[in-house]
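A look at the structure
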Amino acid sequence: MTEPTTWETFTLERPEPGIAVVTLNRPERMNSMTNTMFSELEKVALRLDREDDLRVVILTGAGKAFCGGFDLDDAEGLASLTPMGMLDQQELAARALSAIRSIRVPVIAAVNGAAAGGGLSLSLAADIRIGSPTARFNAAFVRIGLSAGDLGASWHLTRLIGPARAAEFAYTGRFIEAVEAESLGLLNAVVPAESLLAEALAMARLICANSPAGVQLSKRALHANMEVSSYAAALELENRGQALLTRGEDMPEALAAFKDKRSPKFTGR
Ligand SMILES: CCCCCCCCCCCCC/C=C/C(=O)SCCNC(=O)CCNC(=O)[C@H](O)C(C)(C)COP(=O)(O)OP(=O)(O)OC[C@H]1O[C@@H](n2cnc3c(N)ncnc32)[C@H](O)[C@@H]1OP(=O)(O)O
């Protein structure tokens, strides 16, 4: 494992080729989010998105929480809460989470504890969520005078768990614990805490073994199809992606490997 690159609010590690692990690193504050964290998250997401040999990003938290949402002790952030100040604050945060969600390779959130408020939104910006038994989700917003229409939470929840369950979750401000989260699809799996990162790495390896171009265009299709309103539009998007892949190296390599009864050596070009 190469030495982690330590930023102020998280660490970036590369346990093996093609995999980056971003660990939020403010455990004493439940990895709560400050303006510095938002700025650093946006920077690292944009940086990772430019790395041609990257295949998967894993996002997790140090300590007992995944992310406690906005840092309610962040005097600087709270001091700016005029209407225009709040707009700036939300836009700074939204740029960070949008950058995470837009990374062209799959992002797996290894939810090691509470994901509350903006921390819930951050977990939802990932494509896949694997949780420990202490993973718990909370739309804390209504408990502190905010709306669950925050950093994409309302958008993701209605699509992920359905409008009625999203409504109950958002309006009650209650916690969804790991087992319920898995039953709702908020978590793909619940695994023992001590093997959470290992399980995320195992899933990442499975993804790394596949065509990078195929995986990336699958992510584009899945994301785009959450936006389109018709089946026909979805098919059109998918067809264009498939057509694009025929111009690359991975598909002919896959066909050759199939005929030669060997594992393909994908380039992603
Ligand atoms: C009050 C109005 C403020 C308005 C805020 C405006 C924000 C504007 C920003 C806009 C842009 C960003 C959008 C995001 C918005 C949000 O995220 S709003 C939601 C903010 N988060 C919360 O409300 C969650 C609060 N925390 C909790 O619910 C729980 O702590 C937890 C995360 C579920 C963990 O619970 P538990 O394991 O029981 O630990 P605790 O004992 O509660 O906490 C341990 C210590 O950590 C501190 N802490 C926890 N969360 C935060 C946090 N978000 N900010 C700062 N500090 C936090 C907690 O105070 C404890 O500290 P000590 O007492 O010193 O040990």
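Residues numbered from 1 in each chain as written. Predicted model: local features only at pLDDT ≥ 70, side-chain atom pairs only at ≥ 80, totals over all residues. Heavy atoms only, no water.

**Side note on the domain arrangement of the chain**
Split into domains, the chain comes out as domain 1 (2–208) and domain 2 (210–260). Computed over C-alpha atoms, the centres of domain 1 and domain 2 are 27 Å apart. Tallying the contact residues gives 13 residues for domain 1 and eight residues for domain 2. In this assembly, domain 1 packs against domain 2 so that about 970 Å² is buried in total across both faces, 47% of it on carbon and sulfur atoms. Area buried by domain 1 at its contact with domain 2 is led by Arg101, Arg104 and Trp155, which between them contribute 42% of it. Put simply, domain 1 and domain 2 have one salt bridge between them. With a shortest N-O distance of 2.9 Å, Asp127 and Lys219 are connected by a salt bridge. (Domains from an automatic or database assignment. Contact = heavy atoms within 4.5 Å. Buried area = accessible area lost by both parts, 1.4 Å probe. Salt bridge = Lys/Arg side-chain N within 4 Å of Asp/Glu carboxyl O.)

**Quick word on the packing of helix 9 (residues 212–224) against helix 10 (residues 231–245)**
At their nearest, the axes of helix 9 and helix 10 sit 10 Å apart, and the two run at 165 degrees to each other. As the angle between them shows, helix 9 and helix 10 are arranged roughly antiparallel. With respect to the hand of their crossing, helix 9 and helix 10 are arranged in right-handed fashion. Contacts between helix 9 and helix 10 involve Ala213, Gly214, Leu217, Ala221 and Ala224 from the first element and Leu237, Glu238, Gly241, Leu244 and Leu245 from the second. Tallied by class, residues from the contact of helix 9 with helix 10 come to seven nonpolar, two polar and one charged. (Axes fitted to C-alpha atoms, helices over the stretch in contact; angles between N-to-C directions. Helix = DSSP H or I, 4+ residues; strand = E, 2+ residues; numbered from the N terminus. Parallel < 35°, antiparallel > 145°, perpendicular 65-115°, else oblique. Left-handed = near helix turned anticlockwise from the far one by under 90°. Nonpolar A, V, L, I, M, F, W, Y, C, P; charged D, E, K, R; others polar.)

**Here we look at the environment of Gly152**
Within the secondary structure, Gly152 sits in the loop between strand 9 (136–138) and helix 5 (153–160). Measuring from C-alpha to C-alpha, the distance between Gly152 and Gln90 comes to 11 Å, with 62 residues separating the pair along the chain.

**Points about the site of the ligand**
Around the ligand, the structure places 29 residues, and the nearest of them are Gly68, Phe70, Leu72, Gln90 and Gly118. Here an oxygen atom of the ligand sits 3.3 Å away from a polar atom, N or O, in the side chain of Lys64. A distance of 2.7 Å is found between an oxygen atom of the ligand and a backbone nitrogen or oxygen belonging to Gly118. Protein coverage of the free-state accessible area of the ligand, which is 1200 Å², stands at 69%. For the shell around the ligand, the elements supplying multiple residues, two or more each, are helix 3 (83–101) and strand 7 (114–116). Take the shell around the ligand: its biggest share by element is four residues, from helix 3. Residues that form the shell around the ligand fall into these classes: 16 nonpolar, seven polar and six charged. (Near = heavy atom within 4 Å. Polar contact = N/O pair within 3.5 Å; in protein donor to acceptor, adjacent residues only side chain to side chain. Areas by Shrake-Rupley, 256 points an atom, 1.4 Å probe, with all protein chains shown as cover.)

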